[in-house]
Amino acid sequence: RKEVEQDPGPFNVPEGATVAFNCTYSNSASQSFFWYRQDCRKEPKLLMSVYSSGNEDGRFTAQLNRASQYISLLIRDSKLSDSATYLCAVNRGNDKVIFGPGTSLSVIP
Amino acid sequence: ETGVTQTPRHLVMGMTNKKSLKCEQHLGHNAMYWYKQSAKKPLELMFVYNFKEQTENNSVPSRFSPECPNSSHLFLHLHTLQPEDSALYLCASSLDLSSGSRKLFFGEGSRLTVL
């Protein structure tokens, strides 16, 4: 089993839709969690950290469920500019930040 | 505009060549990383440095040799590579290795092709 797994995608959604991405991690000692966004042929960029109580940044909401070892990202009112690959990342508490394979999102006019 | 710069952006090399990738961060961070991103595969952690000391070598073949002369600079020396080493090599930095400081800032990457 991979250490960090994500929905395989791709997700094709119309503008204005709400879309949710899921990510599971296998190491229960993991300490911090992040969502990154990667545009085609570009570097990953931090989208948001994920906190235990859940957190929101504009149209983006991140949730963490430690018991189920699961994090999620919800995007409301999707924009064309949201089209990208979304990467889940997990800090195991040692020196490793492990990334999931990513989920591709295409927002369609 | 990224605070992490990588050079060269593109590199084509033969299997017998020796080349180096360079990374410089202007963010005042103390930890630096090399990741490899191959097509259709997740980002793979290669090396981690914290305050110039290597803290992680993720079972990387010896044909990849990292060097970190100071907290702002990181190199990846390449020697006798294989075609399957062709990938995007991404450098990243974070404030340090404490749990709350592991937000990574990436450079734009060096796209390597090994012929």
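About the criteria used
Residues numbered from 1 in each chain as written. Chains lettered and ligands numbered in written order. Predicted model: local features only at pLDDT ≥ 70, side-chain atom pairs only at ≥ 80, totals over all residues. Heavy atoms only, no water. Disulfide = S-S within 2.5 Å. Helix = DSSP H or I, 4+ residues; strand = E, 2+ residues; numbered from the N terminus. Buried < 20%, exposed > 50% of the residue type's maximum accessible area, 1.4 Å probe, protein only. Contact = heavy atoms within 4.5 Å. Salt bridge = Lys/Arg side-chain N within 4 Å of Asp/Glu carboxyl O. Polar contact = N/O pair within 3.5 Å; in protein donor to acceptor, adjacent residues only side chain to side chain. Nonpolar A, V, L, I, M, F, W, Y, C, P; charged D, E, K, R; others polar. Core = buried A, V, L, I, M, F, W, Y, C linked by side-chain atoms within 4.5 Å. Pairing = 2+ DSSP bridges. Axes fitted to C-alpha atoms, helices over the stretch in contact; angles between N-to-C directions.

Trainee: Can you explain the state of the cysteines? Please cite residues and give values.
Mentor: Residue and element names in this part refer to chain A. Inspection of every chain in the model, using the stated rule, returns 2 disulfides over all chains. Sulfur-sulfur distance for the disulfide between Cys23 and Cys88 comes to 1.9 Å. Looking down the S-S bond of the Cys23 and Cys88 bridge, the torsion is -65 degrees, so its handedness is left-handed. Taken together, the residues span a long stretch of sequence, with Cys23 in strand 3 (residues 19-25) and Cys88 in strand 9 (residues 84-91) at a distance of 65 residues. For the pair Cys23 and Cys88, one class covers both residues: buried.

Trainee: Help me get a handle on the interface of chain B and chain A, residues and values and all.
Mentor: If you look at the interface, chain B gives 21 residues, while chain A gives 20 residues. In this assembly, chain B and chain A are joined by 1 salt bridge. Note that Glu56(B) is salt-bridged to Lys96(A), the shortest N-O span being 3.5 Å. For the pair chain B and chain A, the interface holds 6 residue pairs in polar contact (both at pLDDT 80 or more). Of all the elements in the fold, those that place two or more residues in the side of chain B that touches chain A are strand 4 (31-37), strand 5 (44-50) and strand 6 (53-57) of chain B. In terms of residue count, the dominant contributor to the side of chain B that touches chain A is strand 4 of chain B (3 residues). For the side of chain B that touches chain A, the per-class residue count stands at 10 nonpolar, 6 polar and 5 charged.

Trainee: Go over the nonpolar core with me, naming the residues and quoting the values.
Mentor: If you look at the biggest cluster of nonpolar residues, it comprises 24 residues, and the most contacted ones within it are Phe21(A), Trp35(A), Ile71(A), Leu73(A), Ile75(A), Tyr86(A) and Leu105(A). Breaking this core down by element, the ones donating at least two residues are strand 3, strand 4 (32-38), strand 5 (44-50), strand 7 (60-65), strand 8 (70-75), strand 9 and strand 11 (103-108) of chain A. What Tyr86(A) contacts, discounting residues up to four positions off in sequence, is Gln6(A), Phe21(A), Trp35(A), Tyr36(A), Arg37(A), Leu47(A), Leu73(A), Ile75(A), Gly102(A), Thr103(A) and Leu105(A). Membership of the second largest hydrophobic core comes to 22 residues, among which are Val4(B), Phe64(B), Leu76(B) and Leu81(B).

Trainee: Give a description of the environment of Ile98(A) that names residues and reports values.
Mentor: Its location among the elements puts Ile98(A) in strand 10 (residues 97-99). Counting along the chain gives 95 residues from Ile98(A) to Glu3(A), while the straight-line C-alpha distance between them is 7.7 Å.

Trainee: Provide a residue-level description of the sheet that holds strand 1 (residues 4-7) of chain B, including the pertinent values.
Mentor: To summarise the sheet geometry, strands pair through backbone hydrogen bonds and adopt either a parallel or an antiparallel arrangement. Residue and element names in this part refer to chain B. Strand order in this open sheet of 4 strands is 1-3-8-7, and the pairing throughout is antiparallel. The two strands at the open ends of the sheet, each matched to only one other strand, are strand 1 and strand 7 (64-70). With strand direction ignored, the average angle separating the axes of adjacent strands in the sheet is 15 degrees. Looking at chain direction, strand 1 and strand 3 (residues 18-25) are connected through 4 bridges and run antiparallel. Across the sheet, the residue bridging to Val4 is Gln25, located in strand 3.

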